[in-house]
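# Architecture and fold: a report
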Amino acid sequence: DAGMARHDPIPAALSLDGLSVDARGAFELAADAGYRGIAFATNHPELTPVNLGESARRHLRKLLDTRHLTIDALRVAAPRAGLSDPATIDRTVDNARAAIQLAHELHVTTVALNVGPLSVENSGGSGAVAALRELAERADAAGITLTALQALGLEDAALARVITR
């Protein structure tokens, strides 16, 4: 019933990706809808690691605290090919490092990274597996879980085979 007051928060995070409001509006939308947290990509126009200096991070935490919201996850801004494209792997790794640092400073425990369409065939000389291992170790050292997302259409075990190779 629309007239009923919400007593318990929705135990989920609302992704800000694709919302057509500014960050403050998105926080209000999440809080009004009863979400417990938010999640956003590091290329959100107002929430990039570059734009969120120390003062801005304090302000962000205060805005979220007043709305009883947490940041549950960050998603690394990365090209569709993720770590599998030698032309963009360095930018993807740099973006991931910045996201892990931002997550650490904001006490966010999960960072998601699109690793791209990795396969045994295309991972050999690309450095993708080495990059993924380095990022996972960096995240782990900061107390953060790095979630590796793959492109749709790959068989479920493809990423595991590449990493354990």
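Presented here is a report on the structure given in the accompanying data block. Since the model is a prediction, treat every value here as computed from it, not as a measurement. (Residues numbered from 1 in each chain as written. Predicted model: local features only at pLDDT ≥ 70, side-chain atom pairs only at ≥ 80, totals over all residues. Heavy atoms only, no water.)

Time to look at the sheet that holds strand S3 (residues 70-75). An order of S1-S2-S3-S4-S5 is seen for the 5 strands of this open sheet, with the pairing classed as parallel. Both edges of this open sheet fall to strand S1 (10-15) and strand S5 (145-150), since each of them pairs with a single strand only. On average, each strand axis in the sheet is tilted by 25° relative to the strand beside it, whichever way the strands run. Note: strand S2 (residues 35-41) against S3, 5 bridges, orientation parallel. Along S3, the bridge assignment pairs Ala39 with Ala73. On top of the sheet, helix H1 (residues 23-33) reaches S1 and S2; it is set at about 150° to S2, its chief contact. (Pairing = 2+ DSSP bridges. Helix = DSSP H or I, 4+ residues; strand = E, 2+ residues; numbered from the N terminus. Axes fitted to C-alpha atoms, helices over the stretch in contact; angles between N-to-C directions. Contact = heavy atoms within 4.5 Å.)

Here we take up the packing of helix H3 (residues 89-105) against helix H5 (residues 128-141). When two helices pack together, their arrangement is given by the angle between their axes and by how far apart the axes lie. Closest axis-to-axis distance for the H3/H5 pair is 10 Å, and the angle between their directions is 10°. In terms of axis orientation, H3 runs roughly parallel to H5. Residues Ile89, Val93, Ala96, Arg97 and Ile100 of H3 form the contact with H5, whose own contacting residues are Ala128, Ala131, Glu134, Leu135, Arg138 and Ala139. In terms of residue class, the contact of H3 with H5 is made up of 8 nonpolar, no polar and 3 charged. (Parallel < 35°, antiparallel > 145°, perpendicular 65-115°, else oblique. Nonpolar A, V, L, I, M, F, W, Y, C, P; charged D, E, K, R; others polar.)

For H1, the full list of buried residues reads Ala23, Ala26, Phe27 and Ala30. The buried residues of H1 all sit within an arc of 100° when viewed along its axis, so they share a single face. Packing partners of the buried residues in H1 comprise S1, S2 and helix H2 (54-66). Of the residues one or two after H1, Gly34 is the one with positive phi, at around 95°. (Buried < 20%, exposed > 50% of the residue type's maximum accessible area, 1.4 Å probe, protein only. Arc of directions from axis to C-beta.)

This part is about the pairing of strand S4 (residues 110-116). Most of S4 sits out of view: 6 of its 7 residues are buried. Inspection of the sheet shows S3 paired to S4 by 2 bridges, in the parallel sense. Paired with Leu74 across the strands is Val111, a residue of S4. Pairing geometry for S4 and S5, over 6 bridges, is parallel. If you follow Thr110 over to S5, its bridge partner there is Thr145.

Right, let's get into unusual backbone geometry. Phi angles above zero are rare outside glycine, and His68 is one such case at about 55°. Here His68 is to be found in the loop between H2 and S3. Looking at His68, the relative accessible area reads 68%, which means it is exposed. The phi angle at His107 is positive, at roughly 60°, despite the residue not being glycine. For His107, the position within the fold is in the loop between H3 and S4. Judged by relative accessible area, His107 falls into the exposed class, the value being 65%.

For the structure shown, the criterion picks out 8 salt bridges. In this structure, Arg97 and Asp94 form a salt bridge, with 3.4 Å as the shortest nitrogen-oxygen distance. On the criterion of helical spacing, the pair formed by Arg97 and Asp94 is a turn pair, its members being 3 residues apart in helix H3. Among the residues examined, Arg97 registers a relative accessible area of 32% and is labelled partly exposed. With a relative accessible area of 45%, Asp94 lands in the partly exposed category. The salt bridge involving Arg138 is made with Glu134; its shortest N-O contact spans 3.0 Å. (Salt bridge = Lys/Arg side-chain N within 4 Å of Asp/Glu carboxyl O.)

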